[in-house]
Amino acid sequence: MFYKKLIYFILISFVLIFCASCSTKSGKVSDKSSGGETLQGTIPGSAAPLFSLEDIKGEKVNLQDFRGSKVVLLNFWATWCASCRKEMPELERLYKKYKKQGFIILGINVEESPRTVNAFLKKQKITYPVLLDSDGKVSGPAFYHIYGVPDNIVIDKKGIVIYHKPYPPRNADKFFDEILKE
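The present account deals with the structure reproduced in this document.

What counts and how
Residues numbered from 1 in each chain as written. Predicted model: local features only at pLDDT ≥ 70, side-chain atom pairs only at ≥ 80, totals over all residues. Heavy atoms only, no water. Salt bridge = Lys/Arg side-chain N within 4 Å of Asp/Glu carboxyl O. Helix = DSSP H or I, 4+ residues; strand = E, 2+ residues; numbered from the N terminus. Buried < 20%, exposed > 50% of the residue type's maximum accessible area, 1.4 Å probe, protein only. Core = buried A, V, L, I, M, F, W, Y, C linked by side-chain atoms within 4.5 Å. Contact = heavy atoms within 4.5 Å. Axes fitted to C-alpha atoms, helices over the stretch in contact; angles between N-to-C directions. Left-handed = near helix turned anticlockwise from the far one by under 90°. Phe/Tyr/Trp six-rings, centres within 6.5 Å; stacked < 30°, edge-to-face > 60°. Pairing = 2+ DSSP bridges.

## Section: the pattern of salt bridges
Enumeration over the complete set of coordinates arrives at five salt bridges. The shortest N-O distance in the salt bridge between R93 and E90 comes to 2.8 Å. Residue R93 and its partner E90 are located together in helix α2 (residues 82–98), separated by three residues, close to a single helical turn. Residue K96 is joined to E92 by a salt bridge in which the shortest nitrogen-to-oxygen separation is 3.6 Å. Here K96 pairs with E92, and both are found in helix α2, just four residues apart, close to one helical turn. For K96, a relative accessible area of 52% corresponds to the exposed category. With a relative accessible area of 7%, E92 lands in the buried category. Each of E90, R93, K97 and D173 takes part in a single network of salt bridges with overlapping partners.

Pasting the structure below:
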């Protein structure tokens, strides 16, 4: 009986560890609560924290530069994340459809090398801008409190967070048609 309980305990532990590793590559968790709540700065209705990151070409991109002119979808992702890879074709479709209407996607790769990211993007044929959060600072507690990928945040033209979920908005075409009218 003791061995059955031990095996059961080991199996449960393994499953919990495996599931936790799916959320973050390093296994680190920010100070965000485990209930999935967001913290100030990522709560819909709050001002989006400003940042500057390099894109895959080494050029600086500042979130501030889009304020007043673009609706921004921040997509935090990693190449090893199956859910991230699954949503990328939909993000690419949205980018192509709405980019001339004041919409931009900024894919923010979390803690991977430029070489890994470049190779992945070429293979996937992603055309929206991708930024490198090499040290995890922007995705961390100082800015966006991302505790797992994918994570998607939509910021309106005024710089206010209007959406924050692990997935892009459901009925995304209707969602962006409405927002881009404003």
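## Here's the deal with the nonpolar core
Core analysis: the biggest nonpolar cluster contains 48 residues, and F51, L63, L74, F76, Y144 and F176 have the highest contact counts within it. Setting aside residues no more than four positions away along its own chain, L63 makes contact with A48, P49, L50, F51, V72, L74, L106, Y144 and I155.

## Topic: the packing of α2 against helix α4 (residues 172–181)
The geometry of α2 relative to α4 is characterised by a closest axis approach of 11 Å and an angle of 35 degrees between their N-to-C directions. For the pair α2 and α4, the sense of crossing is right-handed. Only A172, D173, F176, D177 and L180 of α4 make contact with α2, whose side of the interface consists of E90, R93, L94, K97 and Y98.

## Looking at the side chain of H145
If you trace the backbone, H145 turns up in the loop between β5 (130–133) and β6 (151–155). Classification of H145 by relative accessible area gives buried; the value is 7%.

## Structural notes on the packing of aromatic side chains
By the definition in use, this model includes nine aromatic pairs. With a centroid separation of 6.0 Å and an interplanar angle of 85 degrees, the aromatic rings of F51 and Y144 are classed as edge-to-face. With F51 in the loop between α1 (2–23) and β1 (52–55) and Y144 in the loop between β5 and β6, the pair connects residues that are 93 residues apart, well separated along the chain. For Y144, a relative accessible area of 0% translates into the label buried. Pairing Y98 with F103 gives two aromatic rings, centres 6.1 Å apart and planes at 80 degrees, and the pair type is edge-to-face. Each member of the pair, Y98 as well as F103, is classed as buried.

## Thoughts on the sheet that holds strand β3 (residues 71–77)
One open sheet accounts for seven strands, arranged β2-β1-β5-β4-β3-β6-β7; its pairing is mixed. Single-partner strands in this sheet number two, and they are β2 (60–62) and β7 (161–165). Across this sheet, the average inter-strand angle for adjacent strands is 30 degrees, counted without regard to direction. Bridge analysis of β1 against β5 gives two bridges, and the strand direction is antiparallel. Residue pairing for β5: D55 is matched across the bridge by L131. Together, β3, β4 (103–110) and β5 form the strand contacts of helix α3 (residues 114–124), whose direction differs from that of β5 by roughly 155 degrees. Along the sheet, α4 contacts β3, β4, β6 and β7; its crossing angle with β3, the most-contacted strand, is approximately 140 degrees.

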